[in-house]
Amino acid sequence: MGTAELGQGKRQQEAEVQKEKGITKYECHYNGVNGLYLYVVSEKEWSLPSMAAQAKKQCVRPPTMLPGIGETAWYCEEKDSFMSTMVYKRGHGQIRVAWVYLIGETRSDVYKTMAERLAERL
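Residues numbered from 1 in each chain as written. Predicted model: local features only at pLDDT ≥ 70, side-chain atom pairs only at ≥ 80, totals over all residues. Heavy atoms only, no water.

Draft legend 1. Highlighting the state of the cysteines. Scanning the entire structure with this criterion turns up one disulfide. Covalent S-S linkage joins Cys-59 and Cys-76, the inter-sulfur distance amounting to 2.0 Å. Across the disulfide from Cys-59 to Cys-76, rotation about the S-S bond amounts to roughly -75°, and the bridge is consequently left-handed. Here Cys-76 lies in strand E6 (residues 72-77) and Cys-59 lies in the loop between helix H1 (48-56) and strand E5 (64-65), a separation of 17 residues in the sequence. (Disulfide = S-S within 2.5 Å. Helix = DSSP H or I, 4+ residues; strand = E, 2+ residues; numbered from the N terminus.)

Quick look at the structure:
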């Protein structure tokens, strides 16, 4: 997942777990901001529709929805040629959000496969 564009000297790096406003954030970076992000929030404090609507605002064009994966899933282009794949899933009173953030586009089947794998593991 790393790219030469963001610097060859950087490697995979797991960030410290952060807790902020009822959200627990887990992150693993690959050569800068490319990476895998997992957010876990209580359904008592947040709603899945409002979280998803807020995230979709980061897309520069309407997202491509991936039906049948998690509660909701999509991929879209964000600013500066970054692509994000998002998967939301509920379980055990929590909303779990998995987000892969990469530079550059790839084939649509790759985003679908990434989303399916993320949903299986949430």
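Draft legend 2. Spatial organisation of the confidence of the model for the chain. For the chain, the average pLDDT comes to 82, and 85% of its residues sit at 70 or higher. For the chain, strand E1 (residues 13-14) is the element with the lowest average pLDDT, namely 65, and E5 is the one with the highest, namely 95. Scored below 50 in pLDDT, residues 1-8 shows 14 contacts in the model against residues more than four places distant or in partner chains. (pLDDT = per-residue confidence, 0-100. Contact = heavy atoms within 4.5 Å.)

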